[in-house]
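Remarks on the overall topology
Each chain, letter by letter, is given below.
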Amino acid sequence: MCSAPDTSAAVKPAPADLPRRRFVNILLGTGLLASAASFLYPVLRYLVPPKLPDLGGDAVLAARLSEMKPNTAKTFRFGTRPGLLVETSAGEYRAMSATCTHLGCTVQYRPDLREIWCACHNGMYDLNGRNISGPPPRPLEAFEVQVRGDEIFVRRKQEA
Ligand code: FES
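The text that follows walks through the structure, step by step, so that each part is easy to find. (Residues numbered from 1 in each chain as written. Predicted model: local features only at pLDDT ≥ 70, side-chain atom pairs only at ≥ 80, totals over all residues.)

1. Notes on the overall build of the protein chain
Regarding its fold elements, the protein chain presents two helices and 10 strands. When burial is assessed residue by residue, the protein chain has 19% of its 160 residues classed as buried. Within the protein chain, counting contacts between residues at least 6 apart in sequence, those at least 24 apart form 35% of the total. (Helix = DSSP H or I, 4+ residues; strand = E, 2+ residues; numbered from the N terminus. Buried ≥ 20, exposed ≤ 12 C-beta atoms within 10 Å, placed from the backbone. Contact = placed C-beta atoms within 7 Å.)

2. Some remarks on the sheet that holds strand 8 (residues 131–133)
In space, the four strands of this open sheet follow the order 5-6-7-8, with antiparallel pairing throughout. Each of the sheet's edge strands pairs with one partner strand only, and the pair in question is strand 5 (108–110) and strand 8. Within the sheet, the average angular offset between the axes of one strand and its neighbour, ignoring direction, is 40°. Bridging between strand 7 (residues 123–125) and strand 8 involves two bridges; their strand directions are antiparallel. Within strand 8, the residue paired with Tyr125 across the bridge is Asn131. (Pairing = 2+ DSSP bridges. Axes fitted to C-alpha atoms, helices over the stretch in contact; angles between N-to-C directions.)

3. Topic: unusual backbone geometry
Backbone geometry places Arg114, a non-glycine residue, at a positive phi of 60°. Topologically, Arg114 is positioned in the loop between strand 5 and strand 6 (115–118). Owing to 13 C-beta atoms within 10 Å, Arg114 belongs among the partly exposed residues under this scheme.

4. Here's the deal with the nonpolar core
With 22 residues, the main nonpolar core has Ala62, Leu84, Leu85, Ala95, Val107 and Val154 as its most contacted residues. Taken together, the elements giving at least two residues each to this core come down to strand 1 (60–64), strand 2 (72–78), strand 3 (81–87), strand 4 (93–97), strand 6 and strand 10 (151–156). (Core = buried A, V, L, I, M, F, W, Y, C linked by C-beta atoms within 7 Å.)

5. Details of the environment of Cys118
Relative to the elements of secondary structure, Cys118 occurs in strand 6. A residue is classified by how many C-beta atoms lie within 10 Å of it, and Cys118, with 25 of them, is buried. For the pair Cys118 and Cys105, spaced 13 residues apart in sequence, the C-alpha to C-alpha distance is 6.9 Å. With residues near it in sequence (within four places) discarded, Cys118 still touches Cys100, His102, Cys105, Val107, Gly123 and Pro136.

6. Observations concerning the environment of Arg94
Mapped onto the fold, Arg94 is located in strand 4. Linking Arg94 and Glu144, residues 50 residues apart in sequence, is a C-alpha distance of 7.8 Å. In contact with Arg94, not counting residues within four places along its chain, are Val86, Thr88, Leu127 and Asn128.

7. Quick word on the pairing of strand 4
The element strand 4 is extensively covered by neighbouring structure, given that four of its five residues are classed as buried. Here five bridges tie strand 3 to strand 4, and the two strands are oriented antiparallel to one another. Residue Val86 lies in a different strand from strand 4, and its bridge partner there is Arg94. Connecting strand 3 to the antiparallel partner strand 4 that follows it, the hairpin turn spans five residues, and Gly91 within it adopts a positive phi of roughly 90°. Alignment of strand 4 against strand 9 (residues 142–148), held across two bridges, turns out to be antiparallel.

8. Describing the sheet that holds strand 4
Here six strands make up an open sheet; going across it, the order is 1-10-9-4-3-2 and the pairing antiparallel. Taken across any chain shown, the strands that pair with only one partner, and hence form the sheet edges, are strand 1 and strand 2. Across the sheet, the mean angle from the axis of one strand to that of its neighbour is 30°, orientation sign disregarded. Both strand 1 and strand 10 contribute to a ladder of four bridges, which runs antiparallel. Residue pairing for strand 10: Arg64 is matched across the bridge by Glu151.

Following this line, the structure appears as structure tokens:
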């Protein structure tokens, strides 16, 4: 008597293969989801930009009072460009564009000199943003500062 070989055992995966296959499927699925998210997130951020506080005009929150102390500065975002908020040694606030008027580098406050310095070509500005030495051809754009409660807002100076 001749019997046909049992083929069902050859096709059926061994029980030890199932967790491995499931692991590989989960790994591939997670990778595809992560790839899709990394492509879609920037597109969504472009289409739906983050809301900026509407303070009337172009005022932006530059800092909180608790972040500042005399003879320090903070760089903040003013639209698409950087701004620089300085608290002088006397406790006054000054704000200006942080984009150097020479070739567009970002300037910084030098507490040791009490001046604003551009590291690219050693340009110097005073605390009113006036170019005082080095290659910068023009002053930095000065901004208007308003303190409301604990917050320091900066806006473009209104033309008279
Ligand atoms: S870019 Fe600032 S001094 Fe040249």
